[in-house]
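Understanding the architecture of this molecule
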Amino acid sequence: TQLLEQSPQFLSIQEGENLTVYCNSSSVFSSLQWYRQEPGEGPVLLVTVVTGGEVKKLKRLTFQFGDARKDSSLHITAAQPGDTGLYLCAGLYNFNKFYFGSGTKLNVKP
Amino acid sequence: KAGVTQTPRYLIKTRGQQVTLSCSPISGHRSVSWYQQTPGQGLQFLFEYFSETQRNKGNFPGRFSGRQFSNSRSEMNVSTLELGDSALYLCASSSEPYNEQFFGPGTRLTVL
């Protein structure tokens, strides 16, 4: 079993639609990161959230860390084809190790 | 600043052989972590090095080993390769352990 569960696993939407990706756990994390990965490349860091309840915005992307620091969400407004990729959440557990979620594969059709 | 570099980018080996992968972190970063990525298991943590010391290790067999040099460059070695070792091996560097990680492009290893 994964320490971090991501949902949905796959998402195929039309350009202009909104979407939310979830990252859930029963464990508390010191911090949580979101990455985007394109085929054949390494993940690229999008954001780090540290404080429970924290909300960060990056253009059309909004990231939220749950109050109890056990879950997080990524919301994309008006998705574009350039948003296509694998979205990964990674939690720092026990100040010791990063655990990655299984990922959400997003496809935005023009 | 140059990003994390990994060599080689692609590698094909046969079962039973061994392989060494190399990672050069971002200049000034002293922490290097290694991950294995497969379609079935996702990203799995292998080990983390800081100032030439292995600080943390994931749940992988002893065939997987690594080291870090005084210039922070790191290598990982896999001995007695198995078909299931086929994966994308990713290296990530950070300025301090458990800080934000910056990934390299990975080495795609195929074991035949």
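Before going into details, it helps to say that this report is about the structure given with it. Everything numeric here is computed off the predicted structure, so don't read it as measured data. (Residues numbered from 1 in each chain as written. Chains lettered and ligands numbered in written order. Predicted model: local features only at pLDDT ≥ 70, side-chain atom pairs only at ≥ 80, totals over all residues. Heavy atoms only, no water.)

Our next topic: the state of the cysteines. All chains considered together, the criterion is met by two disulfides over all chains. In this model, Cys23 of chain A is linked to Cys89 of chain A through a disulfide, with the two sulfur atoms separated by 2.0 Å. Negative torsions about the S-S bond denote left-handed disulfides, and the value of about 80 degrees found for Cys23 of chain A with Cys89 of chain A makes this one right-handed. With Cys23 of chain A in strand E3 (residues 19–24) and Cys89 of chain A in strand E9 (residues 85–93), the pair connects residues that are 66 residues apart, well separated along the chain. Accessibility classification places Cys23 of chain A together with Cys89 of chain A in one group, the buried group. Between Cys23 of chain B and Cys91 of chain B runs a disulfide, and the two sulfur atoms are separated by 1.7 Å. Across the S-S bond linking Cys23 of chain B and Cys91 of chain B, the dihedral sits near -45 degrees, which makes this disulfide left-handed. One end of the pair, Cys23 of chain B, is in strand E3 (residues 19–24); the other, Cys91 of chain B, is in strand E9 (residues 87–94), and 68 residues separate them in sequence. (Disulfide = S-S within 2.5 Å. Helix = DSSP H or I, 4+ residues; strand = E, 2+ residues; numbered from the N terminus. Buried < 20%, exposed > 50% of the residue type's maximum accessible area, 1.4 Å probe, protein only.)

Moving on, we get to the pairing of strand E5 (residues 42–50) of chain B. Residue and element names in this part refer to chain B. Taking burial as the measure, the nine residues of E5 include eight buried ones, the bulk of the element. Relative to E5, strand E4 (residues 31–38) is paired through eight bridges, and the arrangement is antiparallel. Residue pairing for E5: Tyr35 is matched across the bridge by Phe45. Counting the residues in the hairpin turn of E4 and E5 gives three residues. Two elements, E5 and strand E6 (residues 53–57), share four bridges in a ladder whose sense is antiparallel. Of the residues in E6, the one forming a bridge with Tyr49 is Gln54. (Pairing = 2+ DSSP bridges.)

We now examine the packing of aromatic side chains. In total, this model carries 10 aromatic pairs over all chains according to the counting rule given. Pairing Tyr35 of chain A with Phe103 of chain B gives two aromatic rings, centres 5.4 Å apart and planes at 85 degrees, and the pair type is edge-to-face. Taken together, the positions of Tyr35 of chain A in strand E4 (residues 31–37) and Phe103 of chain B in strand E10 (residues 102–103) put the pair across two chains. One exposure class covers both Tyr35 of chain A and Phe103 of chain B, and it is buried. On the basis of an interplanar angle of 75 degrees and a centroid distance of 6.0 Å, the ring pair of Tyr93 of chain A and Tyr99 of chain A is categorised as edge-to-face. Of the residues examined, Tyr93 of chain A reaches a relative accessible area of 31% and is grouped as partly exposed. Grouping aromatic residues by their ring pairs yields a cluster made of Tyr35 and Phe100 of chain A together with Tyr35, Phe45 and Phe103 of chain B. (Phe/Tyr/Trp six-rings, centres within 6.5 Å; stacked < 30°, edge-to-face > 60°.)

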